[in-house]
Amino acid sequence: MLKVILNKKVIIRSLSLFLIITYPLDQLYTSIFPNISIPSPFKSLTFLYLFIQVFSYDLKYIRRVKDILQILFALIIWSLISVLWAEVSYIDALKYSFQMLVLWSFLVVAISNLSKDKNALKNIIFYWLIISGLVSVFSLLGYLSPESASTVGRLSFNNIGLNAIAISLGYIFILALNSFHLFENEKFKRFIIYICLILIFLLILKLGTRSVLWGLVLAFILPNFIYLKRKNIIRVLVILSAFIYAFFHLINTGFIQGRAATRLLLFGSDTFTNNSRVELFNKGFEWWTNNILGTGGGNESYAYIQMGTKNLEAHNTFMSALIQFGIPGIILLLLVVSIIYFKIYLIKDKRQKILFFSFFVFFVMQLVKGSFIQTRLFWQPLTILLLMLESFKIQRNQ
């Protein structure tokens, strides 16, 4: 009997890891299988996983991040309540709330299953990185995009924005770049990590998403310089020098060309003052001042249709929360971000703090550039952040 229970726990933990590390494959499902009409199996597997676990997962291990989970749940409840004043469609508001509820449930179940496993974070980083590395290779060769990297400025994918792919790659890139201390005595794995980082870096450059490329630079530099050590500074300078050399070498050789090169190189005050996303932010705030309760969940596009803009979302998660949920929504979101920051700040281990803080900085930068509170682009990194915080507490206590 005990053997059966232990085997079940192993299977559930393995499934938890599988659903996290295969996120890039879920994103690119329609590019990998362009002619298939069957929906992504990852979504069905997630529902099955939650159905199996709904009555059996153990919350006693979730202590350090329980307050964050409760605030996120309050946001979902507020989204459900917003059905009462949904501007256009209460069905959209219900769908939006249901999506958030499913992703929140996965977050809770995954943390309760994986926080007891001291190798969970290492396994997530390593295998998520390998899958992202393979995605990068096949994307650069043209198997997952209409054209290969050698014939086009910016790559594209079927039924998913290239920025979403770039952000996903950015999360694992910054996570792996600051986690070499977890693989100190594993030379082969460190070699694999180096190779995958190079491949992912090439794809990120080819995608030309500014918020990802410069977000990675800031997320890498800031934590290492805040916690000053000669070793950290030397490491940062070496990696930055390699980055600058590779960046301009790839431009000179024509690997980065056209719109991708223009977007990555032209970065000044005009980038912000003339950016359509600044206008979207201003238009969204203007609409909200006359509609304090917001549009209701899933009805964000209604505000922008009324304001006469071409884009139908804020491209800013905080503004998106304000437009849809009003003051309560943005307060709850800001509370989540603030509490995560203070929990990271209280960590004493410098290497852990640099790892956590760099990932957190990149996460916040993407919240400022995109509206995706109801998608895995928000909940996937949140799962990693909360798992790191929860696991760190358990390991320290042991």
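In this report, we go over the structure that sits alongside the text. Computed from a prediction, not measured in an experiment: that's the story for all the values here. Along every chain, residues carry numbers that run from 1 in the direction the sequence is written. pLDDT decides what is reported in this predicted model: residues at 70 or higher carry local features, side-chain atom pairs at 80 or more are listed and counted, and totals for whole chains, interfaces and linings draw on all residues regardless. For the side-chain quantities, the full set of heavy atoms in the structure was used; hydrogens and water were omitted.

1. A few points about the overall build of the protein
Secondary structure counts use DSSP, requiring at least four H or I residues in a row for a helix and at least two E residues in a row for a strand, with both numbered from the N terminus. Within the protein, the regular secondary structure consists of 18 helices and zero strands. Expressed as a percentage of its 398 residues, the buried residues of the protein come to 53%. Relative to all contacts within the protein whose residues are 6 or more apart in sequence, the contacts with residues 24 or more apart total 77%. All accessible areas in this document rest on Shrake-Rupley with a 1.4 Å probe, and a residue is counted as covered only by the protein chains that are shown. A total accessible area of about 19000 Å² is found for the protein, and carbon and sulfur atoms account for 65% of it. Think of it in three bands: residues with accessible area under 20% of the maximum for their type are buried, residues over 50% are exposed, and the middle band is partly exposed, with areas taken using a 1.4 Å probe on protein chains only. Residues count as neighbours in contact if any of their non-hydrogen atoms are within 4.5 Å of one another.

2. A few points about unusual backbone geometry
Unlike most non-glycine residues, His315 shows phi in positive territory, near 55 degrees. As for its placement among the helices and strands, His315 is situated in the loop between α15 (300-306) and α16 (317-345). Under the relative-accessibility criterion, His315 is labelled buried at 18%.

3. A few points about the packing of helix α8 (residues 162-177) against helix α17 (residues 350-369)
Across the interface, α8 lies against α17 with an axial gap of 9 Å and an inter-helix angle of 165 degrees. Relative to α17, the element α8 lies roughly antiparallel. Every pair of crossing elements has a handedness; the one defined by α8 and α17 is right-handed. Contacts between α8 and α17 involve Ile167, Gly170, Tyr171, Ile174 and Leu175 on the former and, on the latter, Leu355, Ser358, Phe359, Phe362, Phe363 and Gln366. In the contact of α8 with α17, the residues fall into eight nonpolar, three polar and no charged. For every element, the axis is a line fit to its C-alpha atoms; helices are fit only across the contacting stretch, and the angle between N-to-C directions ranges from 0 to 180 degrees. For classification purposes, angles smaller than 35 degrees are called roughly parallel, those larger than 145 roughly antiparallel, those between 65 and 115 roughly perpendicular, and all remaining angles oblique. Here a crossing is taken to be left-handed if its near helix is turned anticlockwise relative to the far helix by less than a right angle, and right-handed if that turn runs clockwise. For this classification, the nonpolar set comprises Ala, Val, Leu, Ile, Met, Phe, Trp, Tyr, Cys and Pro, the charged set comprises Asp, Glu, Lys and Arg, and every other residue, Gly included, is treated as polar.

4. Points about the pattern of salt bridges
The salt bridge definition used is simple: a Lys or Arg side-chain nitrogen within 4 Å of an Asp or Glu carboxyl oxygen. Applying the stated criterion across every chain, the model contains five salt bridges. Notably, a salt bridge pairs Asp26 with Arg376, separated by 3.3 Å at the nearest N-O pair. Highlighted residues: Asp26 in helix α2 (residues 23-27) and Arg376 in helix α18 (residues 376-397), separated in sequence by 350 residues. Among the residues examined, Asp26 registers a relative accessible area of 11% and is labelled buried. Asp67 is paired through a salt bridge with Lys343; the nearest N and O atoms lie 3.5 Å apart. With Asp67 in helix α5 (residues 66-81) and Lys343 in helix α16, this pair connects stretches of sequence that are 276 residues apart. What emerges from the salt-bridge pattern is a single network uniting Lys122, Glu186 and Lys189.

5. A word on the packing of helix α7 (residues 120-140) against α8
It is at 10 Å that the axes of α7 and α8 come closest, and there the two elements cross at 130 degrees. In this view, α7 runs oblique relative to α8, as classed from their interaxial angle. α8 is crossed by α7, and the crossing has left-handed handedness. Between α7, through Ile125, Trp128, Leu129, Ser132 and Ser136, and α8, the contact on the second element is made entirely by Ser168, Leu169, Tyr171, Ile172, Leu175 and Ala176. In the contact of α7 with α8, the residues fall into eight nonpolar, three polar and no charged.

6. What about the packing of aromatic side chains?
Only Phe, Tyr and Trp rings take part, Trp by its six-membered ring, and two of them pair if their centres are within 6.5 Å. Stacked means planes under 30 degrees apart, edge-to-face means over 60, and tilted covers everything else. Tallied over the full model, the rule gives 19 aromatic pairs. Plain terms: the ring middles of Phe126 and Phe183 are 6.2 Å apart, the flat faces sit at 45 degrees to each other, and that makes the pair tilted. One end of the pair, Phe126, is in helix α7; the other, Phe183, is in the loop between α8 and α9 (187-207), and 57 residues separate them in sequence. An identical accessibility class is assigned to Phe126 and Phe183; each is buried.

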